Amino acid sequence: MRIARIRVWQLDLPMTEPYRMAGGRVLVDGLDSTLVAVDTDDGVTGWGEGCPWGHAYLPAHGAGIRAALGTLAPAVLGLNPMELDRLNAVMDLTLPGHPAAKSPLDIACWDILGQGAGQPLHRLLGGWDGAAIPINSSIPTGTPAEMIARIEAKRAQGYRVHSAKIGGVDNALNIARIEAIEAALAPGELVTFDINRAWTPSQAIAVMGAVQTRAWFEQPCEGLDQCAQVRARTTQPILLDESLQTLGDHLEAWRHRICEGAKIKPNRLGGLTRARQARDLCLAFGWPMHVEDLGGTSLADTAAIHLAASTPPDFRLASWLGQAHIASDPILGAPVRPSDGVTTPPDAPGLGAWPDLDRLGQPAAVYS
Ligand code: MG
């Protein structure tokens with residue numbers, strides 16, 4: 001089996017409402033998604049999606065994914081799509097870095113592997129115990145009252161885990177947000193306070209030192225060194241997200257004891273191959289994880305949930321579904337959907353989801 005053709009579509013994904021994070025400094029008001037079909041010489045098609053969460057969240061850019069695919073796609077034509085490590089080695093030699101562009105190609109080849117094996121991806125990625133995967137809400141930065149109102153609305157939909165986006169220079173406002181949200185949680189509910197890099201170390205140390213909560217704090221500052229300063233001077237558990245872009249970043253965070261948990265995101269890491277490697281490193285470190293993706297349609301969600309499902313439940317914190325934030329979702333098959341605060345991966349061979357071609361229009365590029 002060989003890769004005979006690669007088709008690339010650009011898709012603007014309007015959001016249900018503009019989303020503010022990092023204390024308000026990052027605004028996401030639309031997503032630029034790239035859907036990739038890998039076609040084999042014996043008639044199998046695998047699908048993948050690359051969709052940054054806007055262009056200010058990570059060093060990943062929607063148009064940049066398609067530009068990089070112009071270099072990557074010709075290099076992988078003719079390869080066996082089931083040889084995932086070889087595919088990734090060729091991509092890394094062809095274009096170092098650029099994980100967001102490699103991710104949709106890698107995921108599409110996992111889809112082909114699963115279809116060829118007649119097995120769902122969660123089985124090939126390690127095996128699923130059958131338990132539903134808890135999903136978490138994503139609460140944009142706002143006043144304490146606004147954020148609590150959103151948590152209450154998500155509670156009514158069944159969500160029991162919340163990710164509250166805080167940050168910014170006003171320490172008193174951040175302390176007020178944390179204390180008010182903690183007090184408003186229902187019994188059994190959990191919250192993570194996600195700063196999205198928007199504190200200096202001194203702000204993080206001041207705010208985390210002033211509150212009683214034992215909740216997770218996520219990506220308090222820019223980069224591993226700044227987060228290490230916070231780790232040394234605070235007591236709450238710390239998750240890292242944006243700082244973990246390579247396997248080396250995970251090793252450095254572990255070696256310097258910077259965090260106790262991690263976010264695993266295929267599009268941030270370069271696809272399911274790298275995300276599975278990072279997941280297995282985190283298991284060895286004893287870090288619980290949120291396994292999810294950067295955003296996009298339910299196709300990206302479905303790939304990530306296959307990996308979440310195959311992560312041992314004691315290490316599985318919760319997963320976010322980006323589809324909750326987009327106004328329409330052109331995905332067919334059996335993509336993951338939220339249901340009373342949980343979701344389950346499809347059991348069909350491969351990814352189990354694909355786009356409605358009638359809604360994609362003409363490809364932006366075809367490589368063959
Ligand atoms: Mg985060």
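Peer 1: Looking at this structure, how should I read the overall build of the protein chain?
Peer 2: The number of helices and strands found in the protein chain is 13 helices and 17 strands. Its C-alpha atoms give the protein chain a radius of gyration of 20 Å, near enough to 21 Å, the size a compact globule of 368 residues would have. Along the longest, intermediate and shortest principal axes, the C-alpha atoms of the protein chain span 60 × 40 × 35 Å. Taking all 368 residues of the protein chain together, the buried fraction comes to 58%. Taking as baseline every contact in the protein chain between residues at least 6 positions apart, the subset at least 24 positions apart corresponds to 70%. Of the roughly 13,400 Å² of accessible surface on the protein chain, 53% is carried by carbon and sulfur atoms. Treating the 30 positive side-chain charges of the protein chain as one cloud and the 39 negative ones as another, the clouds have centres 3 Å apart.

Peer 1: So what exactly am I meant to see when it comes to the pairing of strand β1 (residues 3–13) here?
Peer 2: Looking down a regular strand, the side chains alternate between one sheet face and the other. Here 10 bridges tie β1 to strand β4 (residues 31–40), and the two strands are oriented antiparallel to one another. In the sheet register, Val8 faces β4, and the bridge partner there is Val36. Here three bridges tie β1 to strand β17 (residues 365–367), and the two strands are oriented antiparallel to one another. Counterpart to Val8 in the pairing with β17 is Ala365.

Peer 1: Got a minute to help me understand the environment of Val191 in this structure?
Peer 2: Counting through the fold element by element, Val191 comes out in strand β9 (residues 190–194). Residues Val191 and Gln219, spaced 28 residues apart in sequence, show a C-alpha to C-alpha distance of 14 Å. Leave out the neighbours within four places in its chain, and Val191 touches His162, Ala164, Ile181, Glu182, Leu185, Ala215 and Trp216.

Peer 1: I'm lost on the packing of helix α2 (residues 84–94) against helix α3 (residues 99–117) in this one. Help?
Peer 2: For any two helices packed against each other, the geometry is given by the interaxial angle and the distance between the axes. Here α2 crosses α3 at 160°, and the two axes come no closer than 10 Å. Relative to α3, the element α2 is oriented roughly antiparallel. Note that α2 runs across α3; the crossing there is right-handed. Residue-level inspection shows Leu84, Leu87, Asn88, Met91 and Asp92 of α2 in contact with α3, the latter providing Lys102, Leu105, Asp106, Cys109, Trp110 and Leu113. Residue classes in the contact of α2 with α3 are distributed as seven nonpolar, one polar and three charged.

Peer 1: Mind showing me how you'd approach the packing of aromatic side chains here?
Peer 2: All chains considered together, the criterion is met by seven aromatic pairs. The interplanar angle of 75° and the centroid separation of 5.5 Å between the aromatic rings of Tyr19 and Trp53 together place this pair among those described as edge-to-face. Here Trp53 lies in the loop between β5 (45–50) and α1 (62–76) and Tyr19 lies in strand β2 (residues 19–21), a separation of 34 residues in the sequence. Given a relative accessible area of 3%, Tyr19 falls into the buried group. With centroids separated by 5.0 Å and ring planes inclined at 10°, the aromatic side chains of Trp254 and Phe285 adopt a geometry described as stacked. In this pair, Trp254 is assigned in helix α9 (residues 247–255) and Phe285 in helix α11 (residues 272–285), connecting sequence segments 31 residues apart. Linked through ring pairs, Tyr19, Trp53 and Trp320 together constitute an aromatic cluster. Between the NZ or CZ atom of Arg257 and the centre of the ring of Trp254, over which it lies, the distance is 4.8 Å.

Peer 1: For this particular structure, what's the right way to read empty space enclosed by the protein?
Peer 2: One water molecule sets the probe size; rolling that probe over the atoms shows where empty space is left. Scanning the model with the defined rule gives one cavity of 30 Å³ or more in all. Empty space within the largest cavity amounts to approximately 140 Å³. Taken together, 18 residues form the lining of the largest cavity, with Ser138, Lys165, Lys265, Glu292 and Trp320 sitting closest to its centre. Put simply, the parts of the chain that give the lining of the largest cavity at least two residues each are β2, β7 (136–139) and β8 (161–165). Residues of the lining of the largest cavity, tallied by class, amount to six nonpolar, four polar and eight charged.

The rules behind the values
Residues numbered from 1 in each chain as written. Predicted model: local features only at pLDDT ≥ 70, side-chain atom pairs only at ≥ 80, totals over all residues. Heavy atoms only, no water. Helix = DSSP H or I, 4+ residues; strand = E, 2+ residues; numbered from the N terminus. Rg over C-alpha atoms; globule rule 2.2 N^0.38 Å. Buried < 20%, exposed > 50% of the residue type's maximum accessible area, 1.4 Å probe, protein only. Contact = heavy atoms within 4.5 Å. Areas by Shrake-Rupley, 256 points an atom, 1.4 Å probe, with all protein chains shown as cover. Lys, Arg positive; Asp, Glu negative; His and termini not counted. Charge placed at Lys NZ, Arg CZ, Asp CG, Glu CD. Pairing = 2+ DSSP bridges. Axes fitted to C-alpha atoms, helices over the stretch in contact; angles between N-to-C directions. Parallel < 35°, antiparallel > 145°, perpendicular 65-115°, else oblique. Left-handed = near helix turned anticlockwise from the far one by under 90°. Nonpolar A, V, L, I, M, F, W, Y, C, P; charged D, E, K, R; others polar. Phe/Tyr/Trp six-rings, centres within 6.5 Å; stacked < 30°, edge-to-face > 60°. Lys NZ or Arg CZ within 6 Å of the ring centre and 35° of its normal. 1 Å grid on protein atoms, 1.4 Å probe; cavity = no way out; pocket = protein on both sides within 12 Å on 5 of 7 lines; lining within 4 Å. Points joined across faces, edges and corners; volume = space filled by probe spheres on them.

Remember, this is a structural readout, not a statement about activity or role.
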